[in-house]
Amino acid sequence: MSLEYLWSITLPMLEGARTTVLLFFTAIILSIPLGFGITLMANSRFKPVSAIAHSYIYVMRGTPLLLQLLFFCYGLPMLPVVGEYLVLDRGVAAGIAFVLNYAAYFAEIFRGGLLSIDKGQYEASQVLGLSKWQTMTRVILPQMIRVVLPSTANESITLVKDTALLYAVAVPEVLHFAQTAVNRDATIMPFAVAAVVYLLMTLVLTLFFKALEKRFRFE
């Protein structure tokens, strides 16, 4: 197996990795704040709002991400009346599916983080005369972040690996180019190269979150 061959199959996978990285950052940047918003809705005292949030979480976590991808990529245009207005680029449709799916998972992570905060923290903030906004931003959120960081790191690494599902909706990413090379050259080496690409991406994420956890531990 020559170095020239390895480079020839690695280069397209690196191009595919750009799609993976783009989808990752899009999903993270949008799903984390959306997930926190859903958490606040789920904790709302207004029953209809809370019910909507809990139903959303149940549906998105209770159905496979692959099914959601297929629905947004191929199912939306089939909807009666409005379907013709919902024809999206497959990459955009896949991005929406990932954001909505991971928002539900992050919502549960954040809900667990909020539940871990002692009620005395809220009472102490009231005694100090802090507003609800100040209590949330200065007291609750910093403590919640420390609690949810490990789970958020784990979910982020899972997101990197889940991007391989783009293969099912014909969005060219790492696995797409690996499978193409395997079919063309009748060798499993492209799968090994793809594994290395994924491992490198998850290694960078792991080191980033380790540094982040260390920083919050000593603050």
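Residues numbered from 1 in each chain as written. Predicted model: local features only at pLDDT ≥ 70, side-chain atom pairs only at ≥ 80, totals over all residues. Heavy atoms only, no water.

Under the convention used in this document: UniProt positions are given in the numbering used here, feature names are shortened, and annotations may be inferred rather than shown by experiment.
Naming follows an unreviewed UniProt entry, where the chain appears as Amino acid ABC transporter permease of Paenibacillus urinalis. In its Subcellular location (unreviewed entry) section, the UniProt record describing the chain reads: "Cell membrane".

### Some thoughts on the overall build of the chain
We count it as follows: Where helices and strands are cited, they refer to DSSP runs of H or I of at least four residues and of E of at least two residues respectively, numbered from the N terminus. Burial status follows relative accessibility: with a 1.4 Å probe on protein chains alone, a residue under 20% of its type maximum counts as buried, one over 50% as exposed, and anything between as partly exposed. Note on definitions: a residue-residue contact is assigned when non-hydrogen atoms from the two residues lie within 4.5 Å. What sets the accessible areas is the Shrake-Rupley method with a 1.4 Å probe; for residues, cover comes only from the shown protein chains.
The secondary structure content of the chain amounts to 8 helices and 0 strands. Along the chain, helices and strands appear, N-terminal first, in the series α-α-α-α-α-α-α-α. Burial status across the chain gives 37% buried among its 219 residues. Within the chain, contacts between residues at least 6 apart in sequence are counted, and of these 75% link residues at least 24 apart. Accessible area for the chain stands at about 12900 Å²; split by element, carbon and sulfur atoms hold 68% of it.

### Quick notes on the UniProt feature "domain: ABC transmembrane type-1" (unreviewed entry) in the chain
As annotated by UniProt and renumbered to match this structure, "domain: ABC transmembrane type-1" (unreviewed entry) occupies residues 17-209. The straight-line gap between the two end C-alpha atoms of residues 17-209 is 20 Å; of that span, 79% is helix and 0% is strand.

### Thoughts on the UniProt feature "transmembrane region" (unreviewed entry) in the chain
Within this numbering scheme, the UniProt entry marks residues 20-43, 55-79, 91-110 and 188-209 as carrying the feature "transmembrane region" (unreviewed entry). With 96% helix and 0% strand, residues 20-43 has its two end C-alpha atoms placed 33 Å apart. Taken as a whole, residues 188-209 contains 95% helix and 0% strand, while its terminal C-alpha atoms sit 32 Å from one another.

### Observations concerning the packing of helix α1 (residues 3-42) against helix α4 (residues 90-115)
What counts here: Angles shown run from 0 to 180 degrees and are taken between the N-to-C directions of axes, each axis being a line fitted to C-alpha atoms and, for helices, limited to the stretch in contact. Throughout this description, any angle smaller than 35 degrees is read as roughly parallel, any larger than 145 degrees as roughly antiparallel, any in the 65 to 115 degree range as roughly perpendicular, and the remainder as oblique. Helix crossings get a hand from a simple test, with the near helix turned counterclockwise from the far one by less than a right angle marking a left-handed crossing and a clockwise turn marking a right-handed one.
One can describe the packing of α1 onto α4 by two numbers: an axis separation of 6 Å at closest approach and a directional angle of 45 degrees. By the angle class used here, α1 and α4 are oblique. Between α1 and α4 lies a crossing whose hand is right-handed. Residues L23, T26, A27, I28, L30, S31, I32, L34, G35, F36, I38 and T39 of α1 form the contact with α4, whose own contacting residues are G95, F98, V99, L100, Y102, A103, F106, A107, F110, R111 and L114.

### Considering a nonpolar patch on the surface
Threshold: Candidate patch residues must exceed 30% relative accessible area and have no salt bridge, after which like charges are joined if within 9 Å and Val, Leu, Ile, Met, Phe, Trp or Tyr side chains if within 5 Å. Counted as salt bridges are all cases of a side-chain nitrogen of Lys or Arg within 4 Å of a carboxyl oxygen of Asp or Glu.
Nonpolar side chains collect at one region of the surface, where F71, L79, V81, V82 and Y85 lie side by side and expose about 510 Å² of accessible area between them. Along the polypeptide, V82 turns up in the loop between α3 (65-75) and α4.

### Points about the side chain of S50
Counting through the fold element by element, S50 comes out in helix α2 (residues 47-62). Overall, the relative accessible area of 10% leaves S50 in the buried class. If near-sequence neighbours (up to four positions away) are discounted, S50 is found in contact with M41, A42 and S44.

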